Amino acid sequence: WNYMVGATVPVGKVDIKGAIYYSDADQAGDLWQYAIGANYNLSKRTALYGTWSSINNDAGARFAVSTQASALAAGSNSTGLQLGVRHTF
C-alpha cells in the first residue's frame, strides 16, 4: 500500500511544493518520504528550481532517493538535493 499527500502553493513568482509519502511494503519494509521544493519563475519560459527529499526506512527497507538503492544498507536513510534551471524552447 502506498499513500501520498502533496500540494503546490503559488506565491507571486514562486511555486512552493511539498509532499509526504508512506509505503507499507510488507516484504521490503516500510518507509516515510518527505519532500519540499520551490520553482522561481524568471520569465514565462525560464525558471530556477530546488528540491530536497529524505527517505526514512524501517529496519529492513532499502529505498533510496537516487537509483543507488543497492548500495544502501538495510534500515539506512537517504537524502537528496536537486538544484537547476529549466528553460522551454
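Numbering of residues starts from 1 in every chain and runs along the sequence as written. Local features are withheld for residues below a pLDDT of 70 in this predicted model, meaning they are given only at 70 or higher, and side-chain atom pairs are given and counted only at 80 or more; totals for whole chains, interfaces and linings count all residues. Side-chain metrics rest on all non-hydrogen atoms present in the structure, leaving aside hydrogens and water.

Structural notes on the side chain of Ser54
In step 1: Counting from the N terminus, the helices are the DSSP runs of H or I reaching at least four residues and the strands are the DSSP runs of E reaching at least two. Along the chain, Ser54 turns up in strand 4 (residues 46-57).
In step 2: The exposure class assigned to Ser54 is buried, which follows from its relative accessible area of 9%.
In step 3: Sequence-distant contacts of Ser54, defined by excluding residues within four places in its chain, comprise Trp32, Gln33, Tyr34, Ser78 and Thr79. Remark: exposure states derive from per-residue accessible area (1.4 Å probe, protein chains only) relative to the maximum for the residue type, with buried under 20%, exposed over 50%, and partly exposed in between. What makes two residues a contact is simply this: any of their non-hydrogen atoms within 4.5 Å.

Considerations on the sheet that holds strand 5 (residues 78-87)
In step 1: Read from one edge of the open sheet, five strands run 1-2-3-4-5, paired in antiparallel fashion. Strands with a single pairing partner mark the edges of an open sheet, and in this sheet they are strand 1 (2-11) and strand 5. Here the strands of the sheet are splayed against their neighbours by 10° on average, with no regard to which way each runs.
In step 2: The criterion for strand pairing is that DSSP finds at least two bridges linking the strands in question. Strand direction decides the pairing type here: strand 3 (residues 29-41) and strand 4, joined by eleven bridges, are antiparallel. Helix axes use the C-alpha atoms of the stretch in contact, all axes being lines fitted to C-alpha atoms, and the angles between their N-to-C directions lie in the range 0 to 180 degrees.

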